[in-house]
Amino acid sequence: MSGRRTETLPERYFAEIYASDPDPWRFTSSAYEAEKYAATLQALPRARYGNALEVGCSIGVFTRALAPRCGALTGLDIAQAALDAARARCAEYPQVGFVRGAVPEVWPEGRFDLIVFGEVLYFLSAPDLARLVARVEASLVPGGDCLLVHWLGETDYPLSGDAAAESFIAGTAPFCRVLPGARTEAYRLDVLRRADTR
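Note that the structure is a prediction, hence the values are computed from the model and not measured. (Residues numbered from 1 in each chain as written. Predicted model: local features only at pLDDT ≥ 70, side-chain atom pairs only at ≥ 80, totals over all residues. Heavy atoms only, no water.)

**Observations regarding the packing of aromatic side chains**
All told, the structure shown has nine aromatic pairs when counted by the stated rule. Considering the side-chain rings of Tyr32 and Tyr187, the 6.0 Å spacing of their centres and the 70° angle between planes classify their relative orientation as edge-to-face. Linking Tyr32 in helix α2 (residues 31-43) with Tyr187 in strand β7 (residues 187-194), this pair joins segments that are 155 residues apart in sequence. Here Tyr32 falls in the partly exposed class, since its relative accessible area comes to 23%. The structure contains a cluster of three or more aromatic residues connected by ring pairs, namely Tyr13, Phe14, Tyr122, Phe123 and Tyr157. (Phe/Tyr/Trp six-rings, centres within 6.5 Å; stacked < 30°, edge-to-face > 60°. Helix = DSSP H or I, 4+ residues; strand = E, 2+ residues; numbered from the N terminus. Buried < 20%, exposed > 50% of the residue type's maximum accessible area, 1.4 Å probe, protein only.)

Right, dumping it as structure tokens:
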């Protein structure tokens, strides 16, 4: 696609989107989102996780669905308006916390047995995606799972859904193996598991 951006999308891009619409991607009303969230939950290899991280949590619709399966869950997003909505939506779950920032520069402390990237990796430039892989390597525990979901439609984002997922999978190949995922006409869902014992 001509006109694809080359740099990671900045905070301003997302701030402006949420300023004009509190649910810009129709997370609360879209049949696509509802089906994708159900498939994502079903794809998780384990019923429970001790300490999970959701990168790009937005307004917290999937965060709320994931919370009952986590001992602790951190949602991370770049947009303050989205985090305010997510915090309100997940208020009944005391194990859920939120961090504001842009990956790969901002990354929560701790080690995680689940890291979810829901439609976020294609917002990053190739160099930033490589730096993000290093963050994952440093914080995903042995045997921990990493789940990627990406829309496959045309965009002007730095990476396509396929390119983002394939680049991440290639980058994590030294320490992760690929588990069964799923692919529809609209999105791809990839599941990785940390395979080393470091």
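**Looking at unusual backbone geometry**
Excluding glycine, residues mostly have negative phi values, and the peptide bonds linking residues are mostly trans. In this structure, Pro104 follows Val103 across a cis peptide bond, with omega equal to 5°. Position of Pro104 relative to the elements: it lies in the loop between β3 (96-100) and β4 (112-118). Positive phi is not limited to glycine here, since Ser58 has a value of about 55°. Relative to the assigned elements, Ser58 resides in the loop between β1 (49-55) and α3 (61-66). The exposure class of Ser58 is buried, given its relative accessible area of 6%. Located in the positive-phi region is Glu119, a residue other than glycine, with phi close to 50°.

**Some thoughts on the state of the cysteines**
Tallied over the entire structure, the rule returns zero disulfides. Unpaired in this structure, Cys57 has its nearest cysteine sulfur neighbour in Cys90, at a distance of 7.9 Å. (Disulfide = S-S within 2.5 Å.)

**Concerning the sheet that holds strand β6 (residues 176-183)**
An order of β3-β2-β1-β4-β5-β7-β6 is seen for the seven strands of this open sheet, with the pairing classed as mixed. Pairing within the sheet leaves two strands with one partner each, and these edge strands are β3 and β6. On average, adjacent strands in this sheet sit at an angle of 15° to one another, irrespective of strand direction. Here β6 runs beside β7; their pairing, made up of six bridges, is antiparallel. Counterpart to Arg177 in the pairing with β7 is Arg193. The strands that helix α6 (residues 161-172) touches are β4, β5 (140-151), β6 and β7; relative to β7, the one it contacts most, it runs at about 10°. (Pairing = 2+ DSSP bridges. Axes fitted to C-alpha atoms, helices over the stretch in contact; angles between N-to-C directions. Contact = heavy atoms within 4.5 Å.)

**Observations concerning α6**
Compared with the 16 Å implied by 1.5 Å per residue over 12 residues, the 17 Å span of α6 between its first and last C-alpha is a close match. The complete set of buried residues in α6 reads Gly161, Ala164, Ala165, Phe168, Ile169 and Thr172. For α6, the buried positions fall inside an angular range of 125° around the axis, keeping them on one side. (Expected span 1.5 Å × (residues − 1). Arc of directions from axis to C-beta.)

**A word on the packing of helix α5 (residues 126-139) against α6**
As a packed pair, α5 and α6 sit with axes 10 Å apart at the nearest point and diverge in direction by 45°. In terms of their interaxial angle, α5 and α6 are classed as oblique. The crossing of α5 and α6 is right-handed. The segment α5 lies against α6, with Leu129, Val133 and Val136 engaging Ala164, Ser167, Phe168, Gly171 and Thr172. Residue composition of the contact of α5 with α6, grouped by class: five nonpolar, three polar and no charged. (Parallel < 35°, antiparallel > 145°, perpendicular 65-115°, else oblique. Left-handed = near helix turned anticlockwise from the far one by under 90°. Nonpolar A, V, L, I, M, F, W, Y, C, P; charged D, E, K, R; others polar.)

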